[in-house]
Amino acid sequence: MRNVWIICRKELGSYFASPIAYILLIMFGLIFGYFFWNALGAFVFESIQSQMSGQSFPMNLNEWIIRPLLSNLAVINLFFIPLITMRLFAEEKRTGTIELLATSPVRDIEIILGKWLAAVLLYACLLLFTAVNFGFLFKYGNPDWKPLLVGYLGVFLLAGALLAIGTFISSLTKNQIIAGAVTFGICLLLYVFGWVSGYETASWARVLSYMSVATHIESFQKGVLDSKDAIFYLTVIFLGLFFTARSMESLRWRS
Amino acid sequence: MIKVTQLTKKYARTTAVDQISFEVAKGQIVGFLGPNGAGKTTTMRMLTCFLPPSSGTATVAGFDVLERPLEVKKRIGYLPETPPIYPEMETSEYLQFVGKLKGLSGADLAKRIDYVCGRCAIADVKNKLLGKLSKGYRQRVGLAQAIIHNPDVLILDEPTAGLDPKQINETRDLIKDLAGEHTIILSTHILPEVEQTCQQVIIINKGKLVATDSVRNLQARARGAESVLVEVAGRQGGFEPSLVLQKLEQLPGVSRVLCKEQIDARAVFEVESKKESFVRGDLARAIVESGWDLNELRPAAMSLEEVFLQLTGSEASPAEETPVEVQA
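For every chain, the first residue of the written sequence is number 1, and numbering continues from 1 onward in sequence order. Ligands are numbered from 1 and chains lettered from A, in the order in which they are written. The model is predicted, so local features are restricted to residues of pLDDT at least 70 and side-chain atom pairs to those at 80 or more, both for listing and for counting; the totals for chains, interfaces and linings are taken over all residues.

(A) A look at the sheet that holds strand β11 (residues 227–233) of chain B. Residue and element names in this part refer to chain B. Here the rule is simple: two strands pair whenever DSSP picks up at least two bridges between them. Helix numbering and strand numbering both begin at the N terminus, where a helix is a DSSP run of H or I of at least 4 residues and a strand a DSSP run of E of at least 2. Pairing is antiparallel in the open sheet, where four strands are placed in the order β12-β13-β11-β14. At either margin of the open sheet sits one strand with a lone partner, and together these are β12 (254–263) and β14 (293–299). Neighbour-to-neighbour, the strand axes of the sheet open up by a mean angle of 20°, direction not taken into account. Relative to strand β13 (residues 266–273), β12 is paired through eight bridges, and the arrangement is antiparallel. Bridging from a neighbouring strand, leucine 258 pairs with glutamate 270 of β13. Contact definition: two residues whose C-beta atoms, as placed from backbone geometry, lie within 7 Å. As a rule, the C-alpha atoms of each element are fitted with a line to give its axis, helices using only the stretch in contact, and angles between N-to-C directions run from 0 to 180 degrees. This element, helix α9 (residues 241–250), spans β11, β12 and β13 of the sheet and lies at about 160° to β12. The strands touched by helix α10 (residues 280–289) are β11, β13 and β14; relative to β14, the strand with the most contacts, the crossing angle is about 165°.

(B) Molecular detail of the environment of Lys166(B). For Lys166(B), the location among the structural elements is in helix α6 (residues 165–178). Counting other C-beta atoms within 10 Å of a residue's own tells you its class, since 20 or more makes it buried, 12 or fewer makes it exposed, and anything in between is partly exposed; those C-beta atoms are placed from the backbone. Classification of Lys166(B) as exposed rests on a count of 9 C-beta atoms within 10 Å.

(C) Looking closely at the interface of chain A and chain B. The interface is formed by 17 residues belonging to chain A together with 20 residues belonging to chain B. Elements with a minimum of two residues in the side of chain A that touches chain B: α1 (2–17), α5 (97–102) and α11 (227–254) of chain A. Residue classes follow a fixed rule: Ala, Val, Leu, Ile, Met, Phe, Trp, Tyr, Cys and Pro count as nonpolar, while Asp, Glu, Lys and Arg count as charged, and any other residue, Gly among them, counts as polar. Of the residues contributing to the side of chain A that touches chain B, the split by class is seven nonpolar, seven polar and three charged.

(D) Region of the structure containing the sheet that holds strand β1 (residues 2–10) of chain B. All names here are of chain B. Here we have four strands laid out as an open sheet, ordered β2-β1-β4-β5, and antiparallel in their pairing. Each having just a single partner strand, β2 (15–24) and β5 (63–64) make up the two edges of the open sheet. Bridge count for strand β4 (residues 55–60) against β5 is two bridges, and the pairing is antiparallel. Each bridged residue has a counterpart across the sheet, and for threonine 59 the counterpart in β5 is aspartate 64. Along the sheet, helix α1 (residues 40–47) makes contact with β1, β2 and β4, crossing β1 at roughly 120°.

Here is the structure:
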């Protein structure tokens with residue numbers, strides 16, 4: 001565990017020593033801020049409309065702002081996760097520092113966990129930005145905080161799973177761009193796998209749609225904590241890290 | 001300290017290291033010598049548990065590299081060919097990280113960092129970014145990283161590659177200095193380096209072990225038959241190199257004389273003597289007594305270089321090989 005933390009600290013250090021972390025934070029803040037502002041604008045417009053029409057039906061902040069934003073967040077992930085994970089292993093393989101890690105008295109799995117954890121923590125920093133935005137809702141409105149929390153958990157699990165996939169892909173190449181592009185492509189595919197369920201009910205379609213990371217986020221967004229979906233993400237995390245370990249091993253046998 | 005038996009590493013199509021065996025005793029400096037691509041780095045990577053051997057075994061301090069890699073790694077300090085540094089880290093930060101990775105902590109770690117900074121002369125760049133350091137400093141930081149946990153065995157892959165002559169000397173001195181406390185294997189394709197720093201040499205070529213011996217024995221092997229360069233000048237015009245050649249050939253103990261070059265009334269000869277005979281005195285006397293001037297008399301460059309070339313064949317001298325290929 002100590003070694004995991006040492007590696008994690010080092011990775012976080014490299015994120016924040018270079019401009020990467022700050023650029024990601026700023027861009028994420030801008031994009032999410034814009035989404036928030038839009039959702040809020042639409043909410044205000046709708047509520048004025050409903051008041052003008054005389055028959056004011058109750059409008060709910062959770063329903064109107066938090067849920068769509070959480071689902072936007074899942075899409076923004078798609079662009080940011082490859083940027084976080086692409087350097088994890090690819091860079092060390094290119095500069096040769098992987099030799100230092102691999103010849104130090106630490107286990108491969110400790111290296112992998114450390115790197116993944118650093119990516120997760122950096123992602124958590126991004127999420128803090130969204131908390132600022134949601135903070136306004138709590139200051140001026142009265143949304144229900146429980147569904148929001150569950151929603152966050154879902155986004156976090158989803159990000160953890162995609163980060164694990166990204167970590168694995170980064171361990172396959174020396175080239176960061178390739179790692180980033182492939183991660184983006186695969187994450188995108190995993191998002192849209194769910195589409196087949198719209199017109200096809202054969203078993204392959206159900207499998208494909210089950211594999212989609214997007215179908216499992218829905219329950220969280222509704223504020224429902226479904227253990228099935230949580231287990232799905234945990235499984236993807238486990239598989240991603242497991243394959244990374246295999247990939248590191250094969251690196252030793254091949255290189 | 002290190003024992004290697006029948007160690008082999010095969011890649012998809014090539015055999016990088018082919019059944020090499022050797023042993024290194026505690027406290028020795030061993031030079032790992034071979035032309036580029038001979039399998040030096042691969043062997044070192046197997047010793048450091050970076051690559052698993054295809055067959056054969058290697059043990060470090062009694063621990064097998066395949067079965068107990070963690071124990072081996074604890075006892076090894078490794079400097080790869082390019083120092084494994086993170087350009088975005090400061091020197092002290094980097095040493096902290098590596099030290100922790102190797103199991104040091106707290107006051108121990110601080111003490112070792114101070115020690116290696118002094119030892120490797122990097123104290124003045126402690127707070128500089130590694131990416132901004134010169135090649136020489138990076139190499140020393142790499143060395144500092146390798147010795148930070150006071151390992152029994154140091155494995156250095158071409159530690160002087162790419163350094164300027166002054167830095168090369170400093171690095172060699174540092175390595176010699178470290179020899180007392182650590183067992184050192186260093187790889188190189190530079191022969192004088194081995195002569196200057198190592199006690200024992202392991203020569204490999206194309207993945208095969210060609211020779212393993214002490215430096216002194218190998219040098220002696222090279223000097224079995226001595227050759228001497230003699231520059232002779234004629235006095236007052238009348239100089240006939242063929243006469244000199246004849247004269248020298250008649251001397252006892254001389255096996256062969258070659259006229260290397262001739263400029264006006266001077267000529268340089270290479271004189272090869274038979275084994276165990278010492279001809280320099282006779283040469284000088286014969287020349288002077290025959291009325292010629294002896295301008296220079298020196299042993300022809302006789303070093304490990306020749307043994308090395310003999311042992312590794314034409315592979316070691318691409319300069320000689322290329323023109324033949326062009327003609328063909």
